Amino acid sequence: MNKTPILEIKELKASIDTNQILKSLDLTVNRGEIHAIMGPNGSGKSTFSKVLAGHPAYQVLDGTVLFKGTNILDLDPEERSHLGIFLAFQYPIEIPGVSNEDFLRLAYNAKQKANDLPEVDPLEFLMIIQQKLDLVDMSPAFLSRNVNEGFSGGEKKRNEILQMILLDSELCILDETDSGLDIDALKIISNGINVFMNDRKAIILITHYQRLLDYIKPDFVHVMQNGKIIKTGTAELAKELELKGYEWLK
């Protein structure tokens with residue numbers, strides 16, 4: 001079967017505050033694939049996710065990033081989002097005074113508008129979001145609460161996955177979505193991700209732990225060290241890393 005690249009990264013170099021983090025990173029992700037990225041702290045995993053999403057604190061020094069064949073490096077974060085890129089944060093922020101329902105509806109309508117599709121009113125939106133809530137085992141009561149305010153760690157992560165499902169993003173970068181989750185929350189979130197995934201989408205999972213990969217099966221596992229990918233393998237590589245750590249790769 002011919003694979004269609006959704007993301008093509010070549011020789012990507014990026015820095016923050018004059019400190020170069022990414023050093024000639026190469027990666028190709030095809031539609032229908034799940035890629036896991038592992039590596040020790042400080043290897044550049046979270047920087048990589050933020051550069052893809054267009055975080056303004058990071059400077060791209062060199063290289064190309066093509067999403068669906070388009071160079072996205074000059075695009076603002078919201079433009080990348082409207083194209084179909086989603087980043088689930090490792091530490092989702094709280095937004096006091098903004099209800100989850102309003103936040104989600106405005107995000108949904110912003111994408112609809114960007115893609116020349118009709119916006120929906122609050123009543124129509126409730127019908128749309130109701131079906132998505134079940135996928136992440138969230139009560140409708142969460143809609144009336146302020147965004148992530150007073151949410152547990154698991155609730156915040158479920159809220160991120162709810163946003164991803166609602167926006168129906170084509171490339172989803174999940175930055176340590178499993179951190180701080182108990183086993184029940186991990187199962188719920190993994191189920192939502194698995195139901196969401198199909199052959200026109202792609203997912204990049206950034207994780208420290210092999211346990212997430214028991215629930216979401218990656219096609220490829222990459223090891224990042226010192227700002228570049230130094231080894232690629234199958235899901236078996238993650239099990240090897242769990243046993244041996246990273247020292248043997250140096």
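Just so it is clear, the model here is predicted, and its values are computed rather than measured.

Undergrad: Mind laying out the pairing of strand E6 (residues 85-88), listing which residues take part and the relevant values?
TA: Neither face of E6 is left uncovered, since the one carrying Ile85 and Leu87 and the one carrying Phe86 and Ala88 both have all their residues buried. Of the strand pairs in this sheet, E6 and strand E9 (residues 171-175) are connected by four bridges, and their pairing is parallel. Counted as the bridge partner of isoleucine 85 is leucine 171 from E9.

Undergrad: Go over the packing of helix H3 (residues 100-114) against helix H5 (residues 153-167), please, and point to the residues and values.
TA: Where H3 meets H5, the axes come as close as 10 Å, and the angle between the chain directions of the two elements is 30°. Classed by the angle they form, the pair H3 and H5 counts as roughly parallel. Our pair here, H3 against H5, has a crossing hand that is right-handed. Two secondary-structure elements touch here, H3 through Asn100, Phe103, Leu104, Ala107, Tyr108 and Lys111 and H5 through Asn159, Leu162, Gln163, Leu166 and Leu167.

Undergrad: Go over unusual backbone geometry with me, naming the residues and quoting the values.
TA: Here lysine 68, not a glycine, exhibits a phi torsion of approximately 55°, which is positive. Along the chain, lysine 68 turns up in the loop between strand E4 (59-67) and strand E5 (70-71). Although it is not a glycine, asparagine 148 sits at a positive phi angle of roughly 65°. Relative to the assigned elements, asparagine 148 resides in the loop between strand E8 (146-147) and H5.

Undergrad: If you had to explain the sheet that holds E6 to someone new, which residues and values would you point to?
TA: As summarised here, the arrangement of the six strands in space is E6-E9-E10-E3-E11-E12, forming an open sheet in which the pairing is mixed. The open sheet is flanked by E6 and strand E12 (228-233), the only strands paired with a single partner. Adjacent strand axes in the sheet meet at a mean angle of 20° when their direction is disregarded. Strand direction decides the pairing type here: strand E3 (residues 34-38) and strand E11 (residues 220-225), joined by four bridges, are parallel. By the bridge assignment for E11, histidine 35 is matched with phenylalanine 220. Seen against the sheet, helix H8 (residues 235-244) touches E3, E11 and E12 and runs at an angle of roughly 45° to E11.

Undergrad: Before we move on, could you go through the packing of aromatic side chains and cite the residues and values that matter?
TA: Taken as a whole and judged by the stated rule, the model has two aromatic pairs. Measuring from centroid to centroid gives 5.2 Å for phenylalanine 142 and phenylalanine 151, while their planes differ by 80°, and the two rings are edge-to-face. This pair shows no difference in class: phenylalanine 142 is buried, exactly as phenylalanine 151 is. Just above the ring of phenylalanine 196 sits the side chain of lysine 201; from NZ or CZ to the centre is 4.4 Å.

Undergrad: Describe in detail the sheet that holds strand E1 (residues 5-16), supporting the description with residues and values.
TA: The strand order across the open sheet formed by four strands is E2-E1-E4-E5, and the pairing between neighbours is antiparallel. The open sheet has two edge strands, strand E2 (19-30) and E5, and neither has a second partner. Sheet topology places E1 next to E4; seven bridges connect them, and they run antiparallel. Bridge assignment links isoleucine 9 to a residue of E4, and that residue is valine 65. Each of E1, E2 and E4 touches helix H1 (residues 45-53); the most contacted strand, E2, lies at about 70° to it.

Undergrad: Mind laying out the environment of leucine 52, listing which residues take part and the relevant values?
TA: One can find leucine 52 in helix H1. By relative accessible area, leucine 52 is classed as buried at 2%. C-alpha separation for the pair leucine 52 and isoleucine 9, spaced 43 residues apart in sequence, amounts to 9.8 Å.

Undergrad: Quick one: what's the story with the UniProt feature "domain: ABC transporter" (unreviewed entry) in the chain, residue by residue and with numbers?
TA: In this numbering, the UniProt entry assigns the feature "domain: ABC transporter" (unreviewed entry) to residues 7-249. With 36% helix and 29% strand, the stretch residues 7-249 has end C-alpha atoms that lie 26 Å from each other.

Undergrad: Kindly report on helix H4 (residues 122-135), identifying the contributing residues and their values.
TA: Here H4 contains 14 residues, and its C-alpha end-to-end distance of 21 Å stays within 8% of the 20 Å for a straight helix at 1.5 Å per residue. Within H4, the axis deviates most sharply at isoleucine 129, by approximately 25°. Buried within H4 we find Phe125, Ile129 and Leu133. Elements that come into contact with the buried residues of H4 comprise H3 and H5. Between the side-chain oxygen at the start of H4 and the backbone nitrogen of leucine 123 there is a gap of 3.1 Å, and the oxygen is on aspartate 121.

Undergrad: Before we move on, can you summarise the side chain of asparagine 159 with the specific residues and values?
TA: Within the secondary structure, asparagine 159 is located in helix H5. Judged by relative accessible area, asparagine 159 falls into the buried class, the value being 0%. Once residues within four sequence positions are removed from consideration, asparagine 159 is found in contact with Asn100, Met138, Val147, Asn148 and Phe151.

Reading guide: rules and limits
Residues numbered from 1 in each chain as written. Predicted model: local features only at pLDDT ≥ 70, side-chain atom pairs only at ≥ 80, totals over all residues. Heavy atoms only, no water. Buried < 20%, exposed > 50% of the residue type's maximum accessible area, 1.4 Å probe, protein only. Helix = DSSP H or I, 4+ residues; strand = E, 2+ residues; numbered from the N terminus. Pairing = 2+ DSSP bridges. Axes fitted to C-alpha atoms, helices over the stretch in contact; angles between N-to-C directions. Parallel < 35°, antiparallel > 145°, perpendicular 65-115°, else oblique. Left-handed = near helix turned anticlockwise from the far one by under 90°. Contact = heavy atoms within 4.5 Å. Phe/Tyr/Trp six-rings, centres within 6.5 Å; stacked < 30°, edge-to-face > 60°. Lys NZ or Arg CZ within 6 Å of the ring centre and 35° of its normal. UniProt positions renumbered as here; feature names shortened; annotations may be inferred. Expected span 1.5 Å × (residues − 1). Bend = angle between axes of the 7 residues up to and from the residue. Polar contact = N/O pair within 3.5 Å; in protein donor to acceptor, adjacent residues only side chain to side chain.

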